[in-house]
Structure formats: C-alpha cells, structure tokens
Amino acid sequence: MIKTLAKSIREYKKDSILTPLFMIGEVVLEVLITYMLADLIDLGVNAGDMGYTVKRGLLLILCAGLSLLCGAMSGRYGAIASTGFARNLRQDMYYNVQTFSFANIDKFSTAGLITRLTTDVVNVQHAYMMLIRIAVRSPAMLLFSLIMAFRINPRIATVFLCATPVLAAGIYLIMSHAHPIFERVFHTYDRLNAVVQENLRGIRVVKAFVREDHEKEKFTDVSGSIFSDMSKAQKTVAYNMPLMQACMYTCILLASWIGANLIVTDVMTTGQLMSILTYAAGILSSLMMLSMVFTMLVISRASAERIAEVLNETAAIRNP
C-alpha cells in the first residue's frame, strides 16, 4: 500500500525532503534556546553580570529568529508537498478509472469511487502533511529534550523517561479500538453517496410515485449510522487528552518537588530547574502531538487502503 501511494509523490520529493530537514533545524534551535536560557539566568541575571546578559540575550534573539525561519520554511514546503501529493493521487486514480470496464466499476460502485476521489484523498493529504512535519518534529523534540534533560540532571530526567511507556501503551490501546470503527465509517460514506446519487438521478420518478418519505427514511438511516459510528470513534480517541494531561501534570509536579529539594541543597540552580521544566513541557507536548499523528494515521489508514485498491485495480477487459 505504501509503495503504491508513494509513486504519486513524484515531482514533490524535493519538498517532502526539505520539510522534515527544516523541522529538525527548528527543533534543534528550540532546544538550544532553552539550554542557553539557563546560563542567562544563572551566570547573567543572578550573578548581576549585565554584559553577559546582553550578549546572551542577543544570541537568544538570533536563535529565535532562525527557529522562526526554519518553521516557516517547513510549513511552506510541507503545504506544497501535501497538496501536490493529493493532486497526483486524484490524477492517478482518475486516469486508472478511465480504463475500467463495467465489471470494475460495479466492484467499487460509482458512489464508492467518488468517495475515494474526494474524502479519502483529503484524509490522506492531511495525514501526509502531519507525517512529514509533526511526525518528524515530535520524536526529534522528545529525543533532544531527553538528552538535554539528562545532561542537566539525570535524576529528574528519569521521571520523564518513566512516563513514556505508560503513554505509549495507552495510545496503542486507544488506536487499536478506534481503527475498526473508522474503517466502518468510510464504507458507510459510500452508502450515503449512493443514496443521495440515486435520489437526485431519479428525482422525477420519486416525485411521480410520491416516494419522498421513503427516500428521507433511507437517508436518515444511513446518516444516523455514520453519526453513531463517528461519535463512538471520536469518544474513543478523546481519551488521548486526559491521558496526556494526567502524565504531563504528574511529571511536572514530581520534577518540581525533586528540583526544589535539589536547589535547597545547592545541587541544582534555579535556571537549571526552569530549563528542566521547559524540557518537560517539550517532551510531553511532543508525546501529545504524536498521539494526534497516530489518530490521523488511524483515520487515514482506511482511506489509504481504499485508494490503493483503485490504483492497483486492472481493467477486466483489455484491448489486445
């Protein structure tokens, strides 16, 4: 499936490569800014060294500007890559559909092909955007923040490390329950399109035989089925947020308590504790963003499989 979809990237490979590179550059600069901020507080502000404070402040402004530039370029190339990828997917699917015989069209149904060319492609486009941006940023932020946290104080950094498997297990359980429901929803979308298409195409017959109530009932049934399944899926995915917040605030409380004791015993400085807490927010927010990526991938996986089916389909009748 992945190889089939990847063929549609084509001329947007350059943009797809530049996007994660700029994103990694932004993450590295953000991590360095936090580390330099600790030195600014301990060696500049607390020590009363105005010259060091000004120099370090100017360096921080420069790094912030470069980080902003990297983020903007990553967003620009990411937008080009994802929209171009979606365009190529639609084009490849449409051209392949032109070769289909009636047997192939009946296999997918007209409504199903319309859904795959519209809703499914949009889902895959959003997933691809998150894959080349957020899915690169989150692991990079998690890794670099953990390295810097261990460099400052391994004892406090261990708290964040222990929270990672708990979050990973929780996310896996949530996603494994949500994926089958999203698959069912997209099949129901095909039925919805079929009902609307049949009603609009045969509107004169419907009115002639006074079948409006019957058509409304058909539409209400399929629409209610989508509502029920989508609500159930979203309720399952919604457990991500309380899980993340529980882990985040627990880690921050433990880090603050341990850090306060270390500051009292002169083992740690105020600037180092502030950097640790900043890294904690970065680590936990990156995990939260990863959960969003997994959610989008779960939704788009069903769409990607449906698109790959159309792209891999060969015409039942070929001109010799």
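Residues numbered from 1 in each chain as written. Predicted model: local features only at pLDDT ≥ 70, side-chain atom pairs only at ≥ 80, totals over all residues. Heavy atoms only, no water.

1. So, the overall build of the chain
Then, in step 1: Within the chain one finds 11 helices and zero strands.
Then, in step 2: For the chain, the sequential pattern of α-helices and β-strands runs α-α-α-α-α-α-α-α-α-α-α.
Then, in step 3: Rg of the C-alpha trace for the chain: 26 Å, well past the compact-globule value of 20 Å for 320 residues, more than 25% over.
Then, in step 4: Considering only C-alpha atoms, the chain reaches an extent of 90 × 40 × 30 Å along its principal axes.
Then, in step 5: Taken across its 320 residues, the chain has 45% of its residues classed as buried.
Then, in step 6: In the chain, 86% of the contacts between residues at least 6 apart in sequence involve partners at least 24 apart.
Then, in step 7: Accessible area of the chain: about 17,300 Å², with a carbon and sulfur share of 67%. (Helix = DSSP H or I, 4+ residues; strand = E, 2+ residues; numbered from the N terminus. Rg over C-alpha atoms; globule rule 2.2 N^0.38 Å. Buried < 20%, exposed > 50% of the residue type's maximum accessible area, 1.4 Å probe, protein only. Contact = heavy atoms within 4.5 Å. Areas by Shrake-Rupley, 256 points an atom, 1.4 Å probe, with all protein chains shown as cover.)

2. Thoughts on the packing of helix α3 (residues 50-97) against helix α5 (residues 110-132)
Then, in step 1: It is at 9 Å that the axes of α3 and α5 come closest, and there the two elements cross at 155°. Taken together, the axes of α3 and α5 are roughly antiparallel relative to one another. Considering only the axes of α3 and α5, their crossing is right-handed. Residue-level inspection shows Gly78, Ala79, Ala81, Ser82, Thr83, Phe85, Ala86, Leu89, Arg90, Met93, Tyr94 and Val97 of α3 in contact with α5, the latter providing Leu113, Arg116, Leu117, Val121, Val122, Val124, Gln125, Tyr128, Met129 and Ile132.
Then, in step 2: Classifying every residue of the contact of α3 with α5 gives 16 nonpolar, four polar and two charged. (Axes fitted to C-alpha atoms, helices over the stretch in contact; angles between N-to-C directions. Parallel < 35°, antiparallel > 145°, perpendicular 65-115°, else oblique. Left-handed = near helix turned anticlockwise from the far one by under 90°. Nonpolar A, V, L, I, M, F, W, Y, C, P; charged D, E, K, R; others polar.)

3. Digging into the packing of aromatic side chains
Then, in step 1: Enumeration according to the criterion identifies two aromatic pairs in this entry.
Then, in step 2: Plain terms: the ring middles of phenylalanine 22 and tyrosine 77 are 5.9 Å apart, the flat faces sit at 10° to each other, and that makes the pair stacked. Here tyrosine 77 lies in helix α3 and phenylalanine 22 lies in helix α2 (residues 13-45), a separation of 55 residues in the sequence.
Then, in step 3: Overall, tyrosine 77 belongs to the buried group, its relative accessible area being 16%.
Then, in step 4: On the basis of an interplanar angle of 40° and a centroid distance of 4.6 Å, the ring pair of phenylalanine 85 and tyrosine 128 is categorised as tilted. Of this pair, phenylalanine 85 sits in helix α3 while tyrosine 128 is found in helix α5, placing the two residues 43 residues apart along the sequence. Side by side, phenylalanine 85 and tyrosine 128 carry an identical accessibility label, which is buried.
Then, in step 5: One residue, arginine 76, lies across the ring of tyrosine 77, its end atom 5.3 Å from the ring centre. (Phe/Tyr/Trp six-rings, centres within 6.5 Å; stacked < 30°, edge-to-face > 60°. Lys NZ or Arg CZ within 6 Å of the ring centre and 35° of its normal.)

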